[in-house]
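Coordinate analysis (summary)
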Amino acid sequence: MSLYDDTVLVLKGYENQPELRQAYLDHLTAHQDGMWKACDTGHITASALVIDPGRARVLLTLHRKLRMWLQMGGHCEPGDPSLESAALREATEESGIAGLTLLKGGPVRLDRHAIPPPCHRHFDVQYAAVASPDAAHTISDESLDLRWFPYDEVADVADASVVRLLEATRTRLGV
């Protein structure tokens, strides 16, 4: 199965946010290259909010280009076998943490947002991942900083999309 086919299956199985889910599916139908960064009208991205093993904090990255505190994530690559693997790869690369485990149940939420040119929009499929107890993070080239934030501090440093992702993740975790 291709990454495109996996993404369509994941989206069709995602029961929340039906209007936004349909917008993602419509985008993929209209743009054969809609998975890839080269699609300048917008493309699918995959991200993961990294949660500490105690489930009380999240690891955010100070994005080098955007200068914003965000979850780990980025563009899908041709070698990614699935959308989940793309999210896990991006979270691992950007956090330096090996052994992340995605929360069961598929994507936590979807977030479509404008980005600076040359592209116009990211159709982000957002997951959540738990770090192992011995996790040690490392700042990547894409980041200015990495920092653990208690849940109640996220709204003070991150934008509304990260706050919504955290809320949906906490609901999934039951915390």
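As shown above, the structure is provided for reference.
These figures come from a predicted structure and were not determined experimentally. (Residues numbered from 1 in each chain as written. Predicted model: local features only at pLDDT ≥ 70, side-chain atom pairs only at ≥ 80, totals over all residues. Heavy atoms only, no water.)

Turning our attention to the overall build of the chain. Along the chain, the regular secondary structure elements total five helices and eight strands. Of the regular secondary structure in the chain, the N- to C-terminal order runs α-α-β-β-β-β-α-β-β-β-β-α-α. Against the 2.2 N^0.38 benchmark of 16 Å for 175 residues, the chain shows a C-alpha radius of gyration of 15 Å, consistent with a compact globule. In terms of overall dimensions, the chain has C-alpha extents of about 40 × 35 × 30 Å along its principal axes. The buried share of the chain, reckoned over its 175 residues, is 51%. A sequence separation of at least 24 residues applies to 67% of the contacts in the chain between residues at least 6 apart. Here the chain contributes 17 positively and 25 negatively charged side chains, and the mean placements of these two sets differ by 2 Å. (Helix = DSSP H or I, 4+ residues; strand = E, 2+ residues; numbered from the N terminus. Rg over C-alpha atoms; globule rule 2.2 N^0.38 Å. Buried < 20%, exposed > 50% of the residue type's maximum accessible area, 1.4 Å probe, protein only. Contact = heavy atoms within 4.5 Å. Lys, Arg positive; Asp, Glu negative; His and termini not counted. Charge placed at Lys NZ, Arg CZ, Asp CG, Glu CD.)

What follows is about the nonpolar core. Grouped together as the largest cluster of nonpolar side chains are 32 residues, with contacts concentrated most on Y24, I44, V50, L83, V125 and Y127. Only α1 (3–13), α2 (18–30), β1 (43–51), α3 (83–95), β7 (121–130) and β8 (143–150) provide two or more residues apiece to this core. Beyond its immediate sequence surroundings of up to four residues, V125 is in contact with L11, Y24, I44, T45, A46, S47, L83, P107, R109 and L110. By size, the runner-up hydrophobic cluster in this structure holds 20 residues, among which are L62, Y151, A158 and V163. (Core = buried A, V, L, I, M, F, W, Y, C linked by side-chain atoms within 4.5 Å.)

Turning next to the state of the cysteines. This model, assessed by the stated rule, comprises zero disulfides. Among the cysteines around C76, which has no disulfide bond, C39 carries the closest sulfur, lying 12 Å off. Using a relative accessible area of 5% as the deciding quantity, one classes C76 as buried. (Disulfide = S-S within 2.5 Å.)

To continue, consider the layout of surface pockets. Approximately 920 Å³ is the volume attributed to the largest pocket. Lining the largest pocket are 37 residues, with H63, L66, H75, I115 and H122 sitting closest to its centre. Listing elements by their share of the lining of the largest pocket, those giving two or more residues are β1, β4 (72–75), α3, β6 (109–114) and β7. (1 Å grid on protein atoms, 1.4 Å probe; cavity = no way out; pocket = protein on both sides within 12 Å on 5 of 7 lines; lining within 4 Å. Points joined across faces, edges and corners; volume = space filled by probe spheres on them.)

With that settled, consider the environment of E167. Positionally, E167 belongs in helix α5 (residues 160–173). Counting along the chain gives 16 residues from E167 to Y151, while the straight-line C-alpha distance between them is 9.1 Å.

We now examine α2. With 13 residues, α2 extends 18 Å between its outermost C-alpha atoms, agreeing within 8% with the 18 Å of an ideal straight helix rising 1.5 Å per residue. Looking only at α2, the buried set comprises L20, R21, A23, Y24, L25, H27 and L28. Here the buried face of α2 lies against α1, β1, β6 and β7. (Expected span 1.5 Å × (residues − 1).)

When charged atoms on two side chains of opposite charge get close, those side chains can pair. Summed over all chains, the structure comprises eight salt bridges. With its nearest N and O atoms 3.4 Å apart, the salt bridge here joins R57 to D52. The salt bridge involving R147 is made with D145; its shortest N-O contact spans 2.8 Å. Among the residues examined, R147 registers a relative accessible area of 39% and is labelled partly exposed. One connected set of salt bridges, linked through shared partners, spans E77, D80, R89, E90 and E93. (Salt bridge = Lys/Arg side-chain N within 4 Å of Asp/Glu carboxyl O.)

A word on the packing of α1 against α2. Where α1 contacts α2, the two axes come as close as 10 Å, and the packing angle between them is 155 degrees. It follows from the interaxial angle that α1 and α2 lie roughly antiparallel. Crossing geometry of α1 relative to α2 is assigned as left-handed. Across the interface between the two elements, Y4, T7, V8, L11 and K12 of α1 pack against R21, Y24, L25, L28 and T29 of α2. Across the contact of α1 with α2, the residue classes break down as six nonpolar, two polar and two charged. (Axes fitted to C-alpha atoms, helices over the stretch in contact; angles between N-to-C directions. Parallel < 35°, antiparallel > 145°, perpendicular 65-115°, else oblique. Left-handed = near helix turned anticlockwise from the far one by under 90°. Nonpolar A, V, L, I, M, F, W, Y, C, P; charged D, E, K, R; others polar.)

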